[in-house]
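This is what each chain is made of:
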Amino acid sequence: MATSLTTSPAEAAAHLRRGELVAFPTETVYGLGADALQPDAVRRIFEAKGRPADNPLIVHVCRRKQIKQVAARVPPAGQQLLNEFVPGPLTLILPKHDHLPSVVTAGLETVGVRIPRLSRTQSFLEACGTPVPAPSANQSGRPSPTSWEAVEDDLGGRIDCILRGGRTDAGVESTVVDCTTDPVAVLRPGAIPVESLRQVLGTVQGASPEGEAAPRSPGTRHRHYAPSARVRLVDTPSEVAPGEDHAYVGLDAPAQACALGRVHVEEDVQAYAHDLFHIFRTCDEKEIEVIYAQTVSAEGMGRALNDRLRRAAAR
């Protein structure tokens, strides 16, 4: 299959309405979407990505009034979060609407819903005129794509269309909050820090234990975000072993930088999180064998960054 490239949200939406798969930019990473009301099209998302069938999808809509098409209700805490952070990089786990095909939610009675803020995404979703379930537009387990070129590298020839845009702003996925619990629970740390949620709601639970039989959020059980190179986590650059096929990424510069194949020293945690997946893919292109990644303080964006690093290092 030839994958069409376009900069037109309307053209990309026409592909989706025909039951085809479309990759599109958001403010977090690129997503791979289908029409939520065409189950066969949604199943193709799993096939194209090699995604496990028990991994639920996040549904993207462009307006609040569309939430009722996929969710039965929005609890009061969810309404507070909508008022404060939406549109934006926040996914709410809500009770599923009975009419939403079960393939979207991997058979769960809950659904993740997000309203992206990027204007190009809004235009695309508006033109689609239907809810759009969309995981990240990459091969399952690989680093999430933060550019259309990364999507083409992973899925070119396997999907129908890529809506081209620039590099994404956040570089990490949305924060996922389960609004069916009291208090609400953060299932996946992301671009909105937990501290910001607590300023609005007060009490917010941490993530549910890994390995639950039916995870309510993507990115919490299966190995994710991993490059072909092995990722080794370090607290300081002094733990890095020299080697031409070794790379380092972190906030502190290694003393033996000249003895490494690649070195990426980031200005701050925000820049580190923004660049991480791009760095992983660049290291793969340069045939790096081992990436030493420095962990950071687990606060603010650092919580999401450490989560992605830990999952990328999992074997």
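Relevant structure appears above.
All figures in this text were calculated on a predicted structure; none of them were measured in a lab.

The subject of this paragraph is the nonpolar core. Counting 44 residues, the largest nonpolar core has Leu32, Leu90, Ile159, Val177 and Leu197 as the members making the most contacts within it. Contributing elements (two or more residues each) for this core: helix H2 (39–49), helix H3 (67–70), helix H4 (76–85), strand E5 (90–95), helix H5 (102–105), strand E6 (110–114), helix H7 (148–155) and helix H8 (194–201). For this core, the leading source of residues is H2, giving five residues. Filtering out sequence-adjacent residues up to four positions away, Ile159 remains in contact with Met1, Ala2, Thr3, Leu21, Ala23, Leu32, Ala48 and Val151. Val172, Ala229, Leu276 and Leu305 belong to the second-largest nonpolar core, a separate cluster that totals 24 residues.

Below, the discussion takes up the packing of helix H9 (residues 269–285) against helix H10 (residues 301–313). Packing of H9 against H10 leaves a shortest axis separation of 9 Å and a crossing angle of 25°. On the basis of their axis angle, the class for H9 and H10 is roughly parallel. As H9 runs across H10, the sense of the crossing is left-handed. Residues Val269, Gln270, Tyr272, Ala273, Leu276, Phe277 and Phe280 of H9 lie in contact with H10, whose contacting residues are Met301, Gly302, Leu305, Arg308, Leu309 and Ala312. A breakdown of the residues in the contact of H9 with H10 according to their chemical character gives ten nonpolar, two polar and one charged.

On the surface, a cluster of negative charge is contributed by Glu149, Glu152, Asp153 and Glu285. For the negative patch, the leading source of residues is H7, giving three residues. Here Glu149 lies in helix H7. Using a relative accessible area of 38% as the deciding quantity, one classes Glu149 as partly exposed.

Within the open sheet, the four strands sit side by side as E1-E8-E2-E3. Their pairing is mixed. Looking at which strands have only one partner, the edges of the open sheet turn out to be strand E1 (4–6) and strand E3 (31–33). Shown here is a sheet whose adjacent strand axes are inclined to one another by a mean of 20°, direction ignored.

It is worth spelling out H7 at this point. Taken together, the buried positions of H7 are Trp148, Ala150, Val151, Asp154 and Leu155. Taken around the axis of H7, the buried residues stretch over an arc of 155°, which confines them to a single face. Of the surrounding elements, those touching the buried residues of H7 are E1, strand E2 (22–24), E3, H2, strand E8 (161–163) and H9. Gly157 sits one or two positions beyond H7 and adopts a positive phi of about 85°.

Summarising the element assignment, Leu37 is placed in the loop between E3 and H2. Sequence separation between Leu37 and Thr121 is 84 residues, and the spatial gap between their C-alpha atoms is 19 Å. Once residues within four sequence positions are removed from consideration, Leu37 is found in contact with Pro101 and Thr130.

With that out of the way, let us pick up the sheet that holds strand E4 (residues 58–60). Strands sit in the order E7-E4-E6-E5-E9-E10 across an open sheet of six strands; the sheet is mixed. Unpaired on one side and paired on the other, strand E7 (132–133) and strand E10 (185–188) mark the two borders of the sheet.

Counted according to the given criterion, the structure contains three cavities of 30 Å³ or more. Here the largest cavity defines a volume of roughly 310 Å³. Ala134, Pro135, Ser136, Glu173 and Arg188 are, among the 28 residues lining the largest cavity, the residues nearest its centre. Class assignment of the residues belonging to the lining of the largest cavity gives a composition of ten nonpolar, twelve polar and six charged.

The buried count for strand E14 (residues 290–294) comes to five of five residues, which makes it a mostly enclosed element. Both faces of E14 are covered, namely the face carrying Val290, Tyr292 and Gln294 and the face carrying Ile291 and Ala293. Here five bridges tie strand E11 (residues 230–234) to E14, and the two strands are oriented parallel to one another. For Val231, the partnering residue across the bridge sits in E14 and is Ile291. The sheet contact formed by strand E12 (residues 243–250) and E14 spans four bridges and is parallel. Across the sheet, residue Ala247 finds its bridge partner in E14, namely Ile291.

The rules behind the values
- Residues numbered from 1 in each chain as written.
- Predicted model: local features only at pLDDT ≥ 70, side-chain atom pairs only at ≥ 80, totals over all residues.
- Heavy atoms only, no water.
- Core = buried A, V, L, I, M, F, W, Y, C linked by side-chain atoms within 4.5 Å.
- Buried < 20%, exposed > 50% of the residue type's maximum accessible area, 1.4 Å probe, protein only.
- Helix = DSSP H or I, 4+ residues; strand = E, 2+ residues; numbered from the N terminus.
- Contact = heavy atoms within 4.5 Å.
- Axes fitted to C-alpha atoms, helices over the stretch in contact; angles between N-to-C directions.
- Parallel < 35°, antiparallel > 145°, perpendicular 65-115°, else oblique.
- Left-handed = near helix turned anticlockwise from the far one by under 90°.
- Nonpolar A, V, L, I, M, F, W, Y, C, P; charged D, E, K, R; others polar.
- Patch = residues over 30% accessible without salt bridge, like charges linked within 9 Å, V, L, I, M, F, W, Y side chains within 5 Å.
- Areas by Shrake-Rupley, 256 points an atom, 1.4 Å probe, with all protein chains shown as cover.
- Salt bridge = Lys/Arg side-chain N within 4 Å of Asp/Glu carboxyl O.
- Lys, Arg positive; Asp, Glu negative; His and termini not counted.
- Charge placed at Lys NZ, Arg CZ, Asp CG, Glu CD.
- Pairing = 2+ DSSP bridges.
- Arc of directions from axis to C-beta.
- 1 Å grid on protein atoms, 1.4 Å probe; cavity = no way out; pocket = protein on both sides within 12 Å on 5 of 7 lines; lining within 4 Å.
- Points joined across faces, edges and corners; volume = space filled by probe spheres on them.

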